[in-house]
Amino acid sequence: MNMSVQDDLDPVTVEVIRNKLEGIADEMGIKLIRSSFSPMVKEGFDAAASLFTIEGEVLSQAMSVPGHLSALVPIVRQFLKTFPLDRMSPGDAFILNDPYMGGTHIPDIGMMVPIFHDGRVIALSATISHHQDLGGMVPGSLPTTATELFQEGFRIPPLRYRTAAGEDQTFLALLRKNVRFPDMLLGDLNAQYASCVVGIRRIQEMADLYGGTFLQHCFASILDRSEQMTREALRRVPDGTYRYEETIDNDGVNLDQPVKVAVAVTVRDGLIDVDFTGTNPQVAGPINCVPAAATAPVYFAVRAASGAHIPTNGGCFRGVTIHFPEGSLVNPLEPAPVNSRTAALKRIAVCMLGALRQALPDDIPADAASQLLVLIFGGTRDGGQRYITGELIVGGGGAGSGLDGIDVIDTDNTNCMNNPVETLEFDAPLLVRRFELAPNTGGIGQYRGGLGVRREYLVLEGSASFTHRGERHFFPAKGFRGGGDGQPARSEILRKDGSKVDIPSKMVTTVAAGDRIIVQTAGGGGYGDPALRAQDALAADLADGKISAEALTRDWRRPADAPSEPADA
Amino acid sequence: MKHIKPGSGIEVGVDTGGTFTDIVFRFPDGTVRIAKERSTPADPGRAVIDGILKNARAWGVSLDDIERVVHGTTVATNAIIERRGARVGLITTDGFRDVLEIGRQMRRDMYDLRIQPVAPAFLVPRARRKDVPERLLASGEVLVPLDEDAVLEAAKDLVADGVRSIAVCFLFAFLNPAHELRARAIIKAAFPELHVSLSCEIDPAIREYERTVVTVFDAYVKPVVSDYLEKLEHNLVAHGIDGPFQVIQSRGGLCSAELARQKPVKLVLSGPAGGVISGEKISSDSGRGDIITVDVGGTSSDIALIHKGRAVIRNEGTVDGYPVRVSMVDVNAIGAGGGSIAWLDSSGALRIGPHSAGADPGPACYARGGQEPTVTDASVVLGYLEPSRFAGGNMTLKPELSYEVIKTRIADPMGTSVEAAALGIHRVVNSQMAEGIRFVSIKQGFDPRGFSLIPMGGGGALHVCQLARDLGIRTILVPSRPGVMAAEGLLSAPVEHEAKRSVHWSFADTTLNQVLESLTNLDAECAVAMAKDGVPEGKAKVRHFADVCYEGQSFDLEVPFTATDAGLRSLPEAFYDLHDRVFGQSTDGPVRLVQLKSVHSYLAERSDMGASFPATAGDQGSETRSIVLPGAGRVDAAIFQRASLCPSTEIRGPAIVEQPDTTLLIDQGWTGRIGDEGSLVLTCNPDTGVTK
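All values derive from a computational prediction rather than experimental measurement.

### Some words on the overall build of chain B
Right, so step 1: Tallying secondary structure elements over chain B gives 17 helices and 35 strands in all.
Right, so step 2: In terms of C-alpha radius of gyration, chain B reaches 26 Å, essentially the compact-globule figure of 26 Å for 692 residues.
Right, so step 3: The 692 residues of chain B split such that 56% are buried.
Right, so step 4: Considering only residue pairs separated by 6 or more positions, chain B has 67% of its internal contacts joining residues 24 or more positions apart.

Okay, structure coming up:
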């Protein structure tokens, strides 16, 4: 069963070099996140740093958001296509954000530098950051009502951003005029470059010690090893084809049209084929996702199903093939809008896990709320100063065998922090009136789904463009093995004049001083027969107000006086 | 009040660890005696008292002559890890009682599908979290006045529910403490015996989740720590030891047990502080300002940085994975130590850790049933450890068990010799430790090549040459007693108090008067505490710091400054320099003051503990042992005993220096000499390159 990689390299040296590659990526990640200005990066860690082989395979990656697990791969491959290795020079840096040329959506800018040793490129160092604004129809460049890419912001094809002589000033002048916060953007591009340079310096030091050619042999061995270990781990998944479907609320434009995501995961001898046939055709609104983006949740599920001890690199995904039907939601034709792709990506992750759960029912919990509610306020204060602030809010986790779902936790291919209320109120004329667990929102079951959360805002000054990018308003997180579904999300605006606006999952509108916005995220799915729920667990939930007395009789079908006091809540 | 009377008596340091309680006596002439006693985890104070009494007797010390006792305790930390804290209630702003449970909604392990809670809701289940009407704005102004009846009702409910301790955390209380102070007054008036922790006092800084967590942790450990220290002090006094009784806090300063009981959360990250303070002392004695300490223990290695003679301090650490925002010496643990287990993954690669054999069963060579090969087993196979002299001869190792387990688990499957496998284990774990050290340095913006390395703990000295080589470090300082640095550090730590205030001022709008007014209050707060701890008035060293960030950026940096016109004016420039060091870039953009801090410290003048050495080297280095070194293979190493080294001894690697608390491996290319301050100084010959 032990099938060691056969090469003539000393496995100890390979492991020593692998440790160093991990260390370099971590160092790049620290540099990137801490020196960035954009709140998306500095608070949300929406950024990644990786080392690549010259063939474009990931060598090591700084831990950040798993959504970026593969995001740099198509970017780096696009750079290699546009600027072949023999046309690169020391000091070069390349950037792009065009979703139809390797990018994922407009705010994500990828940057790559070649690492030279003895006059040739031996590796590549790359970073990706979610920038705060790249122009387009709304501040933040995530317009949920966009119907074509041109509305989504300033598009950057693969470009030589700088040479040894410095940045391309023509490009920078153009860029500055097309974004809302040019100083912040340029600062963040500097941070990306500084992070790439860490990779250059450290790989060059290693090459001085070991020799560039030897180092590249080690890179190949490291990737081979992860490939083999992943394949071996996935052999425990019984061969077969597993299907799952999820439904996206709507595409943000046609609000009455749900959008279907379907996957068929075929496992054979540790190899995985994913087929998106049956997925909705591309849609008018911006939830389309290009294959470069749609790959990330597939890889996430493969990585999560194959074991923590395997070093994460491009080798882990060599055994994965994916079919993206042309013209579908996951392979749209230019210039379909793509900015709100996260909605689709999270549904893809849920589909992948749901399919694999049929083969691994004890390992994979019920569906999580798996929603990343994005709110953006771009407004003007009474004094005329402009502000912009973004919020990322999540729902409940799915329950599993022996495990309640976690209340309010980011899951699957994103892992974002929320905004502290105190920093939000410092940055913007908003008052958060409450931020509380939403009772009764977790799916019932022997193990309860995690609760969603309720957050309420009051606009204090002026007016603001308000973007609400919701999900799970109409299609709940499903329970598993007899567990109930989680409660759906819901949001509303209470206008100062007393009128009420229900937010149909996605909306862009204007809010003004005195308006209140109440958002509530979805709960996670429950696991197992609710009749088997332990009495003291129910009693604790009741005492904690995580379920109400009405819900106890209505949803859980227990007599009102049944739960004993928890032994020690 | 107990005044510190320097130089008049014997000082005692007691550091409680998981297995041993280390006892240090320092005599007025500077000599030091050390003993290790078994810890008594069920009642840790017993080992403290018994250890002092027993060794005082053994060393002929009258208890009356003990001038002060300094203690490093893990009671606060263990209360959290073992979930033995008090029953706590939490009172928050209306609408925000779930902040503690919602946390930052981010999970720790991205790929683990079976998610565990990431916020410490176990501290206060929802039923014991009460919210009351009150609200401050981001300006600190009152939007909703405090509902005093609601506070009283909440307190009554919580008391009925059996709480001993209440934490209060209101939004923006770091800007305006009025509501929290009033809430405490109401609670205390009704229930004077309750412990109350206020967020505006424990951690007056922005971000409600982090502030709530640290405040609740304070409330959680307060009754436990308070009972422990009170009882211990009572016992000391009962034995006639009635001088100052001090404990070390997480940032490496001492304070009286009495004051420590008021904000006990400041103790939870104090475990590694003593060792780092010892490092500071070696830094000052040796005149080497920039030092990295690496303490290799059984399951992990602790790494800390000393820059310009001072330990780097950070504003937040973690306990049991939860964020705890208290100032601490910046100690970073990596999951590789002497007990780390070596294993082959399914691709045949040699991996080390993160699993560890710990102290029980420990490495295979301990012969306590350990069946997994560890780093220590590799050290035995390579000949670094002498089985009969391990741990000062208190334990005899069984090398045949190390050999056997490495053979069957690693060498045979790899198709190599046992020695090659053992060497591989050292190379891999050294690469992990070196990357860990590099990461810690880089995070602070330092290039480790300019630093000296100090090995600590039982295992540091075995790895230190290889680590130095990998990091490009050319000087190593091996302290006299690397294995008991934490206990020794207790006696060289200053009495220290810190006070801080959140300000959130645009620098451009900030006046010197504003700053002076704040600092005057902070200084007064510190001065009261210093006086309570017996520091003579006017003797404390006063330092001021500002936490500064760019406008719009949320990471701030602590910048030392002097509160004068010129000092204030130079603040942005100092911030830009620091930003450039830590982040590798800076702009001259507008900056914001986030927090002002005052730190008062006092270290009594002492006769130095003059190291004493034998007059002649005696029969040193004539004994040799065959060992295996990376890059060199099997060589004969000269064996030295640390106790009989004298300043004229020069040791050329390969060599081994043995002492009861550790074993030092001196690699080829390194030369060791006793330095003036008593450390063994290893330097790397210029022509020795880095080992692959």
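### Topic: the overall build of chain A
Right, so step 1: Counting its regular elements, chain A contains 11 helices and 20 strands.
Right, so step 2: Its C-alpha radius of gyration of 24 Å places chain A within 12% of the 25 Å reference for a compact globule of 569 residues.
Right, so step 3: Relative to its full complement of 569 residues, chain A shows a buried share of 63%.

### Focus on the pairing of strand β13 (residues 386-394) of chain A
All names here are of chain A.
Right, so step 1: Across the nine residues that make up β13, a large majority, seven, are buried.
Right, so step 2: Bridge count between strand β12 (residues 372-380) and β13: nine bridges; the pairing is antiparallel. The partner of Gly379 across the bridge, within β13, is Tyr387.
Right, so step 3: Linkage of β12 to β13, two consecutive antiparallel strands, is achieved through a turn of five residues, within which Gly384 is found at a positive phi near 100°.

### Quick word on the sheet that holds strand β3 (residues 93-96) of chain A
Residue and element names in this part refer to chain A.
Right, so step 1: Pairing is antiparallel in the open sheet, where seven strands are placed in the order β2-β1-β5-β4-β3-β6-β7. Bordering the open sheet on either side are β2 (58-61) and β7 (166-167), each of which pairs with just one other strand.
Right, so step 2: Here six bridges tie strand β1 (residues 47-52) to strand β5 (residues 120-130), and the two strands are oriented antiparallel to one another. If you follow Ser50 over to β5, its bridge partner there is Ala126.
Right, so step 3: Each of β1, β2 and β5 is contacted by helix α1 (residues 11-34), which is oriented at about 145° to β1, the strand it contacts most.
Right, so step 4: Helix-sheet contacts for helix α5 (residues 182-210) involve β1, β3, β4 (108-117) and β5, and the interaxial angle to β5 is about 150°.

### Observations concerning the environment of B:Ala160
Right, so step 1: Relative to the helices and strands, B:Ala160 resides in helix α4 (residues 148-160).
Right, so step 2: Considered as a pair, B:Ala160 and B:Asp98 are 62 residues apart in the sequence and their alpha carbons are 21 Å apart.

### So, the sheet that holds strand β10 (residues 271-275) of chain A
Residue and element names in this part refer to chain A.
Right, so step 1: Across the sheet, which stays open at both edges, the four strands sit in the order β8-β9-β10-β11 with mixed pairing between neighbours. Among the strands making up the open sheet, the edge pair consists of β8 (240-248) and β11 (320-323). The sheet shows a mean angle of 15° between the axes of neighbouring strands, taken without regard to direction.
Right, so step 2: Bridging between β8 and strand β9 (residues 259-268) involves nine bridges; their strand directions are antiparallel. Looking at β9, one finds that Arg243 is bridged to Ala264.
Right, so step 3: Sheet strands in contact with helix α7 (residues 291-306) are β10 and β11, and its direction is about 145° off that of β11.

### Quick notes on the interface of chain B and chain A
Right, so step 1: Listed by partner, the interface residues are 57 residues for chain B and 69 residues for chain A.
Right, so step 2: Listing elements by their share of the side of chain B that touches chain A, those giving two or more residues are α3 (99-102), α7 (208-238), β22 (350-356), α11 (399-414) and α12 (418-443) of chain B.
Right, so step 3: Element by element, the count of residues in the side of chain B that touches chain A is highest for α12(B), at 10 residues.
Right, so step 4: A class-by-class count of the residues in the side of chain B that touches chain A yields 27 nonpolar, 14 polar and 16 charged.

### Here's the deal with helix α10 (residues 535-543) of chain A
Residues and elements named next belong to chain A.
Right, so step 1: The complete set of buried residues in α10 reads Leu538, Ala540, Asp541 and Leu542.
Right, so step 2: Along its buried surface, α10 packs onto α11 (549-554).
Right, so step 3: Phi turns positive, to about 70°, at Gly545, one or two residues after α10.

### So, the packing of α11(B) against α12(B)
Residue and element names in this part refer to chain B.
Right, so step 1: Between α11 and α12, the shortest axis-to-axis distance is 9 Å and the interhelical angle comes to 90°. Taken together, the axes of α11 and α12 lie roughly perpendicular to each other. Between α11 and α12, the contacting residues are Tyr403, Ile406, Lys407, Ile410, Ala411 and Met414 on the first element and Val418, Ala421 and Ala422 on the second.
Right, so step 2: Residue composition of the contact of α11 with α12, by class: eight nonpolar, no polar and one charged.

### Quick notes on the packing of α1(A) against helix α6 (residues 212-234) of chain A
Residue and element names in this part refer to chain A.
Right, so step 1: Following both chains from N to C, one finds α1 and α6 inclined at 90°, their axes separated by 10 Å at the closest point. When the interaxial angle is binned, α1 and α6 end up roughly perpendicular. Two secondary-structure elements touch here, α1 through Thr13, Val14, Ile17 and Arg18 and α6 through Leu215, Cys218, Ser221 and Ile222.
Right, so step 2: A class-by-class count of the residues in the contact of α1 with α6 yields five nonpolar, two polar and one charged.

### Things to note about unusual backbone geometry
Glycine aside, a negative phi is what most residues show, and trans is what most peptide bonds show.
Right, so step 1: Cis geometry is found at the peptide bond from B:Gly353 to B:Pro354, where omega equals 0°.
Right, so step 2: Cis peptide bonds are those with omega within 30 degrees of zero, and the linkage from B:Gly653 to B:Pro654 qualifies with 5°.
Right, so step 3: Mapping B:Pro654 onto the fold places it in the loop between β31 (650-652) and β32 (655-659).
Right, so step 4: Of note in the backbone geometry, A:Asp269 takes a positive phi value of approximately 55° without being a glycine.
Right, so step 5: Looking at the element boundaries, A:Asp269 is found in the loop between β9 and β10.
Right, so step 6: Taking the number of C-beta atoms within 10 Å as the measure of exposure, A:Asp269 has 10 and is therefore exposed.
Right, so step 7: Backbone geometry places A:Arg557, a non-glycine residue, at a positive phi of 55°.

### Considering the domain arrangement of chain A
Right, so step 1: Parsing chain A into structural domains produces domain 1 (3-229) and domain 2 (365-569).
Right, so step 2: Classifying every residue of the side of domain 1 of chain A that touches domain 2 of chain A gives nine nonpolar, six polar and three charged.

### Comments concerning the nonpolar core
Right, so step 1: With 354 residues, the main nonpolar core has A:Met352, B:Val216 and B:Val268 as its most contacted residues.
Right, so step 2: Tallying contributions element by element places α7(B) first for this core, with 14 residues.
Right, so step 3: Looking at which domains feed residues into this core, each of domain 1 (3-229) and domain 2 (365-569) of chain A gives three or more.
Right, so step 4: The residues contacting B:Val268, other than those within four sequence positions of it, are B:Ala76, B:Thr77, B:Ile80, B:Phe217, B:Val221, B:Ser250, B:Val319, B:Val324 and B:Val326.
Right, so step 5: Grouped together as the second largest cluster of nonpolar side chains are nine residues, A:Leu134, A:Phe181, A:Met184 and A:Leu189 included.

Calculation criteria
- Residues numbered from 1 in each chain as written.
- Chains lettered and ligands numbered in written order.
- Predicted model: local features only at pLDDT ≥ 70, side-chain atom pairs only at ≥ 80, totals over all residues.
- Helix = DSSP H or I, 4+ residues; strand = E, 2+ residues; numbered from the N terminus.
- Rg over C-alpha atoms; globule rule 2.2 N^0.38 Å.
- Buried ≥ 20, exposed ≤ 12 C-beta atoms within 10 Å, placed from the backbone.
- Contact = placed C-beta atoms within 7 Å.
- Pairing = 2+ DSSP bridges.
- Axes fitted to C-alpha atoms, helices over the stretch in contact; angles between N-to-C directions.
- Nonpolar A, V, L, I, M, F, W, Y, C, P; charged D, E, K, R; others polar.
- Parallel < 35°, antiparallel > 145°, perpendicular 65-115°, else oblique.
- Domains from an automatic or database assignment.
- Core = buried A, V, L, I, M, F, W, Y, C linked by C-beta atoms within 7 Å.

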